[in-house]
Amino acid sequence: MVLAIYSTLGLAGTLAETLLARGKLDLAYVVSFLCVILAIAGTALRKRPDRREVWLVLGMSAVFVMVVVRMGIGPAERTHLFEYGLVAVLIYQALTERARNGRKVPFPAVVTVVVTSALGWIDEGIQALLPNRVYDLRDVGTNAFAAVMATLASVVLAWARAKIVEGRSGRGSG
């Protein structure tokens, strides 16, 4: 995923300008945002979800949408939210999978945010070297924000699923 992001650095500005000129940039953002939400929900709700989990996903999605809308960033900058949100989900899932398989993974959520933020900073560093791109510290912050939001959503969903499963098993044993 990170290689896909880095490979588009030379073309991303042109693509954003083309989508904006055709009035499709907002649509592209909405579709991308939905992909991140589906990735978070899909990884957390692999089994048939309980109605409480569905409501939790919908509520968290609404909160994320409201935060993004109130951030006041342009559509082109919003791509950072879905790119690095998806990177964070993938890294978090990889780390928690390792932990489930018996490998020592201290604080997977913290590691996820740090690694994803570092990858976003490297992305901006590469852009500083390209003639048609610029280094923007706000983008570094947006990448880190996306990592925090997606990781937090993944953690909350996993916690809720564990509590629901625990509640089901507690009910059945009594």
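Enquirer: Would you mind showing me how to read the overall build of the chain here?
Expert: For the chain, the count of helices and strands is 7 helices and 0 strands. Secondary structure elements in the chain, listed N-terminal to C-terminal, are α-α-α-α-α-α-α. Sorting the 174 residues of the chain into buried and exposed places 37% on the buried side. Partitioning the intrachain contacts of the chain with sequence separation of at least 6 by distance along the chain shows that 78% fall at a separation of at least 24. As displayed, the chain offers around 10,400 Å² of accessible surface, 69% of which is attributable to carbon and sulfur atoms.

Enquirer: Whenever I open this one, helix H6 (residues 108–129) confuses me. Can you help?
Expert: An α-helical turn contains 3.6 residues, so any two residues separated by three or four positions project in the same direction. In this model H6 runs 32 Å from its N-terminal to its C-terminal C-alpha over 22 residues, within 8% of the 32 Å that 1.5 Å per residue would give. Within H6 the residues assigned to the buried category are Pro108, Thr112, Thr116, Ser117, Leu119, Gly120, Asp123, Glu124 and Gln127. Taken end-on, H6 shows its buried residues confined to a sector of 160°, consistent with a single buried face. Turned more than 90 degrees off the buried face of H6, the exposed positions are Val110, Val114 and Leu129.

Enquirer: Whenever I open this one, helix H4 (residues 51–71) confuses me. Can you help?
Expert: Look at H4: 30 Å from first C-alpha to last across 21 residues, which is about the 30 Å you get at 1.5 Å a residue. One or two residues past the end of H4 sits Gly72, with phi positive at roughly 70°.

Enquirer: Which parts of the structure should I look at to understand the environment of Val54?
Expert: Of note, Val54 is situated in helix H4. By relative accessible area, Val54 is classed as partly exposed at 36%. A sequence separation of 103 residues divides Val54 from Leu157, and the C-alpha atoms of the two residues are 9.8 Å apart.

Enquirer: I tried to follow the pattern of salt bridges on my own but got confused; where do I start?
Expert: Inspection of every chain in the model, using the stated rule, returns 2 salt bridges. Measuring nitrogen to oxygen at the nearest pair gives 2.6 Å for the salt bridge that ties Arg100 to Glu97. Of this pair, Arg100 and Glu97 both sit in helix H5 (residues 75–100), 3 residues apart, roughly one helical turn. For Arg100, a relative accessible area of 48% translates into the label partly exposed. Linking Asp136 and Arg138 is a salt bridge whose minimum nitrogen-to-oxygen distance equals 3.2 Å.

Enquirer: What is the right way to look at the confidence of the model for the chain in this model?
Expert: In this model, the chain carries an average pLDDT of 80, and 81% of its residues clear a pLDDT of 70 or more. The secondary structure element of the chain with the lowest average pLDDT is helix H1 (residues 2–7), at 63, and the one with the highest is H6, at 93.

Enquirer: Whenever I open this one, the environment of Leu119 confuses me. Can you help?
Expert: Structurally, Leu119 is set in helix H6. Owing to a relative accessible area of 19%, Leu119 belongs among the buried residues under this scheme. Residues Leu119 and Val87, spaced 32 residues apart in sequence, show a C-alpha to C-alpha distance of 9.1 Å.

Enquirer: I'm lost on the environment of Cys35 in this one. Help?
Expert: Residue position: Cys35 is located in helix H3 (residues 25–44). In the structure, Cys35 is positioned 48 residues away from Glu83 in sequence and 9.9 Å away in space, judged by C-alpha atoms.

Enquirer: How should unusual backbone geometry be read in this particular structure?
Expert: The bulk of non-glycine residues show a negative phi, and the bulk of peptide bonds are trans. Even without being glycine, Phe107 reaches a positive phi, approximately 50°. Residue classification places Phe107 among the exposed residues on the basis of a relative accessible area of 64%.

Criteria and thresholds
Residues numbered from 1 in each chain as written. Predicted model: local features only at pLDDT ≥ 70, side-chain atom pairs only at ≥ 80, totals over all residues. Heavy atoms only, no water. Helix = DSSP H or I, 4+ residues; strand = E, 2+ residues; numbered from the N terminus. Buried < 20%, exposed > 50% of the residue type's maximum accessible area, 1.4 Å probe, protein only. Contact = heavy atoms within 4.5 Å. Areas by Shrake-Rupley, 256 points an atom, 1.4 Å probe, with all protein chains shown as cover. Expected span 1.5 Å × (residues − 1). Arc of directions from axis to C-beta. Salt bridge = Lys/Arg side-chain N within 4 Å of Asp/Glu carboxyl O. pLDDT = per-residue confidence, 0-100.

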